[in-house]
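# Examination of the molecular architecture
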Amino acid sequence: LGVVLGEDEGLAESLRADFRASGLYHLLAVSGQNVALVAGGTLAILWLLGVPRLAGQLAALAAIAAYVLAVGAQPSVARAGVAGALACVAWICARERDRWWFLLMGALALLAWSPYALLDPGFQLSFAAVAAIFVVAPRLGARLQGYPLPRKVAALVAVTAACSLATAPILLLQFGAVPAYALAANALAAPVVAPLLGLSLAAALAYPLAPGAAQILATLAGWCAWWLALCAQAVASLPHAQL
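Residues numbered from 1 in each chain as written. Predicted model: local features only at pLDDT ≥ 70, side-chain atom pairs only at ≥ 80, totals over all residues. Heavy atoms only, no water.

## A closer look at the pattern of salt bridges
Where charged atoms from two side chains of opposite charge come close, those side chains can pair. The condition is simple: We define a salt bridge as a side-chain nitrogen of Lys or Arg found within 4 Å of a carboxyl oxygen belonging to Asp or Glu.
For the coordinates displayed, the defined rule picks out 3 salt bridges. Of the charged contacts, one joins R20 and E13 as a salt bridge, the two residues approaching to 3.6 Å between their closest N and O atoms. What you see here is one network of salt bridges that share partners, running through D8, E13, R16 and R20.

As structure tokens, this is what we get:
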């Protein structure tokens, strides 16, 4: 529920603290990856059914709106929802897509709804992390090209390091601590995040038609969630996990 809908209220406080200390707490907030999977999954299903691309983009818009309404007005999901919706509209209108414009419009939409969102840690962390992915991650990725790392691993290291650098001052100001091993924790957790999202959303989609199949999908998603919790607990137990 935390990864798919941002609802972490059911987690024990000790486990929630482990997610914070390990640098994995961002996984319990809905983000652009969730919205991209919802929109991309909608487009893929309709493409397989032979639905025209225009109808698919309109359906993706509706799916994004439904998902944002289901999750609630969290800063990260509102930003991602606005960006995803603008990407669909840009395709429909045959306009160029500019990621900075999408990010700015997401911020404007949130601040127009509630100017006090500017002071919210979730707002600050979400937009700082995305800006770091745009600006810092490509430069770190270029620096890593000379090292014997697979491309996907290098990209993961660059993105995680960029987000960690950008959000560290906010974490220190808002919460008084910074996770020391966020890079390692995210590298361990990364392989199961997308499968967890995909399996969970597929289970929700399958449940009205085939509850048995949905149960199997949900069980597989549960194993992914177990791995995330194990990573959080293992990293949080290391000496000086928080600085």
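## As for the environment of A203
Quick note on the threshold: Helix and strand definitions here come from DSSP, where helices need a minimum of 4 consecutive H or I residues and strands a minimum of 2 consecutive E residues; each element is numbered from the N-terminal end. Three exposure classes are used, based on accessible area relative to the maximum for each residue type with a 1.4 Å probe and protein chains only: buried under 20%, partly exposed in between, and exposed over 50%.
Here A203 is to be found in helix 9 (residues 182-206). On the accessibility criterion, A203 (9% relative accessible area) is buried. Sequence spacing of A203 and A218 is 15 residues, and the spatial spacing of their C-alpha atoms is 5.8 Å.

## Concerning the nonpolar core
As a reminder of what qualifies: Nonpolar core, defined: a set of buried Ala, Val, Leu, Ile, Met, Phe, Trp, Tyr and Cys residues in which side-chain atoms within 4.5 Å join the residues together. Throughout, a residue-residue contact means that at least one pair of heavy atoms, one from each residue, lies within 4.5 Å.
In terms of nonpolar packing, the biggest core is built from 21 residues, with V3, F19, L24, L27, L196 and L228 touching the most fellow members. For this core, the elements supplying multiple residues, two or more each, are helix 1 (2-5), helix 2 (13-22), helix 9 and helix 10 (211-236). Other than its neighbours up to four places away in sequence, F19 contacts L24, Y25, L28, L228, A229 and A232. The next biggest cluster of nonpolar side chains, apart from the first, holds 12 residues, and it includes A39, V71, V77 and C88.

## Regarding the environment of G56
Following the sequence through the fold, G56 ends up in helix 4 (residues 53-71). When its relative accessible area of 3% is taken as the criterion, G56 is described as buried. Sequence separation between G56 and L220 is 164 residues; the distance between their C-alpha atoms is 29 Å. Discounting residues that sit within four places of it in the chain, G56 has contacts with L43, L46 and V51.

## As for the side chain of T167
Note the threshold: We define a polar contact as two N or O atoms separated by no more than 3.5 Å, with the added condition that, inside protein, one atom must be a possible hydrogen donor and the other a possible acceptor, whereas residues neighbouring each other in sequence contribute only through side-chain atom pairs.
Within the fold, T167 resides in helix 8 (residues 151-175). A polar atom in the side chain of T167 sits 2.7 Å from the backbone oxygen of C163. Once residues lying within four places of it in the same chain are set aside, the contact partners of T167 are L125 and A129.

## Some words on a nonpolar patch on the surface
Here is the rule we go by: Nonpolar side chains (Val, Leu, Ile, Met, Phe, Trp, Tyr) within 5 Å and like charges within 9 Å form the patches, drawn only from residues with over 30% relative accessible area and no salt bridge. Reported accessibility uses the Shrake-Rupley method at a 1.4 Å probe radius. Residues are deemed covered only where the shown protein chains occlude them.
A cluster of nonpolar residues, L188, I216, L220, W223, W226, W227 and L230, forms a patch on the protein surface that exposes about 730 Å² of accessible area. On the secondary structure map, W227 appears in helix 10.

## A closer look at the packing of helix 3 (residues 32-48) against helix 9
Convention followed: Axes, fitted as lines to C-alpha atoms, cover a helix only where it is in contact. Angles between the N-to-C directions of the axes lie from 0 to 180 degrees. Roughly parallel means an angle under 35 degrees; roughly antiparallel means over 145; roughly perpendicular covers 65 to 115; every other angle is labelled oblique. By definition, any crossing whose near helix is turned counterclockwise from its far helix by less than a right angle is left-handed, and any crossing with a clockwise turn is right-handed. Residues are grouped as follows: Ala, Val, Leu, Ile, Met, Phe, Trp, Tyr, Cys and Pro are nonpolar; Asp, Glu, Lys and Arg are charged; all remaining types, including Gly, are polar.
Relative orientation of the contacting elements helix 3 and helix 9 amounts to 55°, with a least axis distance of 11 Å. It follows from the interaxial angle that helix 3 and helix 9 lie oblique. The two elements helix 3 and helix 9 meet at a crossing, and its hand is right-handed. Each of Q33, N34, L37, V38 and I45 in helix 3 lies in contact with helix 9, whose residues at this interface are V193, A194, L197, G198, L201 and L205. For the contact of helix 3 with helix 9, the residue count by class is 8 nonpolar, 3 polar and no charged.

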